[in-house]
Amino acid sequence: RQNLTGDQSLKKTIFHLVWSYFTDLDLHGIFGQPVSAPAYHEVVSNAMDLNLIKIKIDLKKRYKLEELSQDMKLMFNNCFLYNESFSPAYQAAEKLQFAWSIVEKNLVAIF
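In this text the structure is predicted, and so the values were computed from the model without any measurement.

Conventions used here
Residue positions are counted from 1 within each chain, in the order its sequence is given. Side-chain atom pairs in this predicted model are given and counted only at pLDDT of 80 or more, local residue features only at pLDDT of at least 70, and totals for whole chains, interfaces and linings cover all residues. Only hydrogens and water are set aside when side-chain values are computed; all heavy atoms of the structure are taken into account. To obtain each axis, a line is fitted to C-alpha atoms, and for helices this fit is confined to the stretch in contact; angles are then taken between N-to-C directions over 0 to 180 degrees. Helix numbers and strand numbers start at the N terminus; a helix is a DSSP run of H or I with at least 4 residues, a strand a run of E with at least 2. Working rule for angles: under 35 degrees goes down as roughly parallel, over 145 as roughly antiparallel, 65 to 115 as roughly perpendicular, anything else as oblique. Every residue pair with non-hydrogen atoms within 4.5 Å of one another is taken to be in contact. Following the grouping adopted for this structure description, the nonpolar residues are Ala, Val, Leu, Ile, Met, Phe, Trp, Tyr, Cys and Pro, the charged ones are Asp, Glu, Lys and Arg, and the polar ones are all others, Gly among them. As used in this record, nonpolar core signifies buried Ala, Val, Leu, Ile, Met, Phe, Trp, Tyr and Cys residues forming a set joined through side-chain atoms within 4.5 Å. Per-residue accessibility, obtained with a 1.4 Å probe over protein chains only, is compared with the maximum for each type, and a residue is labelled buried under 20%, exposed over 50%, and partly exposed between these values. What counts as a salt bridge is simple: a side-chain nitrogen of Lys or Arg found within 4 Å of a carboxyl oxygen of Asp or Glu. Identification of polar contacts relies on pairs of N or O atoms within 3.5 Å, with a donor-acceptor requirement for protein atoms, meaning one able to donate a hydrogen and the other able to accept it, and with residues adjacent in sequence counted only if both atoms are side-chain atoms.

A. Highlighting the packing of helix H3 (residues 50-59) against helix H4 (residues 65-82). Look at H3 against H4: their axes get within 10 Å of each other, and the N-to-C directions meet at 170°. Relative to H4, the element H3 lies roughly antiparallel. Within the contact between the two elements, H3 uses Leu50, Ile53 and Lys56 and H4 uses Leu68, Asp71, Met72 and Met75. For the contact of H3 with H4, a count of residues per class yields five nonpolar, no polar and two charged.

In structure tokens, the structure reads:
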């Protein structure tokens with residue numbers, strides 16, 4: 001078990017709540033696991049998904065808001081890069097990206 005300060009422990013708890021919220025918003029499970037679509041890794045060089053974000057929250061002693069923000073945005077941008085704008089995945093990413101913009105503003109105010 002990691003030896004965290006009170007602030008670090010609170011931040012980790014809040015990040016877990018954020019992760020859980022976005023897992024719930026991901027109604028079709030598009031972002032929960034690594035993508036295994038054809039040629040995905042030829043298009044996307046730095047894959048990101050909610051499972052990998054949770055691993056980072058769990059394992060990194062000091063996972064910062066800036067890192068969480070970069071990882072969330074990378075996940076959305078990868079989806080936009082690989083998928084057509086009319087696809088369900090692209091549209092789901094737009095919805096989650098909008099939700100993230102609101103959550104991120106509130107997290108910035110907290111931290």
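Picking up after the structure, the text goes on.
B. Summary view of the nonpolar core. One finds Phe22, Phe31, Ile53, Leu68, Met72, Trp100 and Leu107 to be the most contacted residues of the largest nonpolar core, which totals 26 residues. The biggest single contributor to this core is helix H5 (residues 88-110), with nine residues. Leave out the neighbours within four places in its chain, and Leu68 touches Phe15, Ile53, Tyr63, Trp100 and Leu107.

C. View of unusual backbone geometry. Even without a glycine there, the phi angle at Ala39 is positive, about 60°. As for its placement among the helices and strands, Ala39 is situated in the loop between helix H1 (6-25) and helix H2 (40-43).

D. Summary view of the pattern of salt bridges. One pass over the full model with this rule turns up four salt bridges. Here Lys60 and Glu67 are joined by a salt bridge, their closest N and O atoms 2.2 Å apart. A residue is classified by how much of its surface remains accessible, and Lys60, at 35% relative accessible area, is partly exposed.

E. A look at the side chain of Glu104. The residue Glu104 is located in helix H5 in this model. Within the structure, Glu104 has its side chain in polar contact with the side chain of Lys73 (distance 3.5 Å). In contact with Glu104, not counting residues within four places along its chain, are Ser69 and Lys73.

F. Quick peek at the packing of H1 against H3. In contact at an axis separation of 10 Å, H1 and H3 are set at 170° when each is read in the N-to-C sense. When the axis of H1 is compared with that of H3, the two are roughly antiparallel. Listed contacts from H3 to Lys12, Phe15, His16, Trp19, Phe22 and Thr23 of H1 are Leu50, Asn51, Ile53, Lys54, Ile57, Asp58 and Leu59. Of the residues belonging to the contact of H1 with H3, the class tally is seven nonpolar, three polar and three charged.

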